[in-house]
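If you want the building blocks of each chain, they are given just below.
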Amino acid sequence: MSVRRLAAAEVQPESFAFSKESEKKITFWMNKYPEDRKASAVIPLLWLAQKQEGWVSEPALREIAARCEMPYIRVYEVATFYTMFNLEPVGEHLIQVCGTTPCWLRGSDDLKAVCEKRIGKKGRGNVSADGKFSWEEVECLGACSNAPMVQIANKDGDFYYEDLTGAALEQILDDLAAGKPVEMGPVTGRKCSEPTEADVAVLADAELYDGSRAKPMPYLPNTPEAKAAEEGEDPAPVKKGRPARKPADADEAGGAVKSAPRKTAKAAPKAAAKPAAKKTPAKKPAAKKPATKKDAE
């Protein structure tokens with residue numbers, strides 16, 4: 001990774017202020033984090049500043065540091081670490097040409113030649129004379145199946161243009177310079193990364209679905225019996241499992257037969273409830289008779 005520094009002092013503006021449109025988005029992002037975690041919004045705010053001005057200047061970094069209540073050096077570290085942030089003025093449309101192997105094999109050299117002819121030397125700081133374009137070569141942009149391709153970043157967004165040729169890229173640059181809308185995606189009209197030249201129908205054989213290819217397996221794969229069979233030996237007989245229990249209503253062949261209706265015992269009539277036996281009251285102990293004179297004698 002190359003060293004990334006801020007643009008020279010003579011290029012830096014005297015001040016920076018977010019636009020009204022950016023302020024609405026800043027409110028959205030700042031409300032996503034707790035009051036004491038405002039620093040978490042530093043990357044969204046850097047991105048908003050870049051989309052507003054085309055790059056992040058030194059005054060913009062200080063404004064973002066104040067908004068996020070974090071030291072300026074921390075914002076500087078983030079901005080200089082991530083290559084997605086432009087640290088110097090760029091063209092209205094920043095073109096990034098993928099030069100990794102798949103795109104190179106499919107003709108990315110032609111795209112770079114077009115950029116050099118139309119814009120000039122590669123590098124974000126090398127802006128075309130009309131201020132419309134700047135371009136650079138980057139490593140993989142992750143669209144190998146649609147090679148060769150470029151990413152064009154501007155205020156409208158960051159979009160991929162794929163399956164390019166030198167002539168197709170020149171037409172895109174002409175349309176962008178004229179302010180015409182350019183449809184993103186493959187220029188060949190194919191959808192996403194669908195096949196363009198292959199004409200091989202796969203999984204189209206009807207036997208794959210009618211069950212005719214299904215055959216019972218004598219042995220489970222990777223078992224001793226299967227290995228013995230592969231080597232031409234007589235595998236040990238497979239232990240048979242316990243036979244399935246024949247249902248009570250099956251015939252000798254195991255088929256179900258119509259069983260006779262079962263006799264169900266009639267419910268016995270309920271016996272009449274015996275009347276509850278009356279409880280006999282407990283006998284009270286006999287009271288002692290008072291002693292008579294005769295007993296005393």
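Calculation notes
Residues numbered from 1 in each chain as written. Predicted model: local features only at pLDDT ≥ 70, side-chain atom pairs only at ≥ 80, totals over all residues. Heavy atoms only, no water. UniProt positions renumbered as here; feature names shortened; annotations may be inferred. Core = buried A, V, L, I, M, F, W, Y, C linked by side-chain atoms within 4.5 Å. Buried < 20%, exposed > 50% of the residue type's maximum accessible area, 1.4 Å probe, protein only. Helix = DSSP H or I, 4+ residues; strand = E, 2+ residues; numbered from the N terminus. Contact = heavy atoms within 4.5 Å. Expected span 1.5 Å × (residues − 1). Pairing = 2+ DSSP bridges. Axes fitted to C-alpha atoms, helices over the stretch in contact; angles between N-to-C directions. Polar contact = N/O pair within 3.5 Å; in protein donor to acceptor, adjacent residues only side chain to side chain. pLDDT = per-residue confidence, 0-100.

- In the annotation of an unreviewed UniProt entry, the chain is listed under the name NADH-quinone oxidoreductase subunit NuoE and assigned to Glycocaulis abyssi.
- Quoted straight from UniProt, the Cofactor (unreviewed entry) entry for the chain says "[2Fe-2S] cluster".
- Within the UniProt record for the chain, the comment given under Sequence similarities (unreviewed entry) is "Belongs to the complex I 24 kDa subunit family."

## A short note on the nonpolar core
Now for step 1: Residues Leu46, Ile64 and Val75 are the most contacted members of the largest nonpolar core, which totals 23 residues.
Now for step 2: Those elements that place two or more of their residues in this core are α1 (20-30), α2 (42-53), α3 (58-68) and α4 (72-81).
Now for step 3: Discounting residues that sit within four places of it in the chain, Ile64 has contacts with Phe18, Val42, Leu45, Leu46, Ala49 and Val75.

## A word on helix α7 (residues 166-177)
Now for step 1: The first and last C-alpha atoms of α7 sit 17 Å apart over 12 residues, in line with the 16 Å expected at 1.5 Å per residue.
Now for step 2: For α7, the secondary structure elements touched by its buried residues are β1 (93-98), α6 (108-118), β2 (133-138), β3 (150-154) and β4 (157-162).
Now for step 3: Of the residues one or two after α7, Gly179 is the one with positive phi, at around 80 degrees.

## A closer look at the sheet that holds β2
Now for step 1: In spatial order, the strands read β2-β1-β3-β4-β5; together these 5 strands make up an open sheet with mixed pairing. Lying at the two open borders of the sheet, with one neighbouring strand each, are β2 and β5 (185-186).
Now for step 2: In the sheet, β4 pairs with β5 via 2 bridges, with the strands oriented parallel. Along β5, the bridge assignment pairs Tyr161 with Gly185.
Now for step 3: Sitting on the sheet, α6 is in contact with β1, β2 and β3, with an inclination near 150 degrees to β1.

## Remarks on the side chain of Gln151
Now for step 1: Relative to the assigned elements, Gln151 resides in strand β3.
Now for step 2: Given a relative accessible area of 14%, Gln151 falls into the buried group.
Now for step 3: A distance of 2.7 Å separates polar atoms of two side chains, one belonging to Gln151 and the other to Gln96.
Now for step 4: Excluding residues that lie within four positions of it along the chain, Gln151 makes contacts with Leu94, Ile95, Gln96, Leu141, Asp158, Phe159 and Tyr160.

## Observations regarding the confidence of the model for the chain
Now for step 1: For the chain, the average pLDDT comes to 84, and 78% of its residues sit at 70 or higher.
Now for step 2: Below a pLDDT of 50 lies the segment residues 253-257, which in the model reaches 7 contacts outside its immediate sequence neighbourhood of four places, other chains included.

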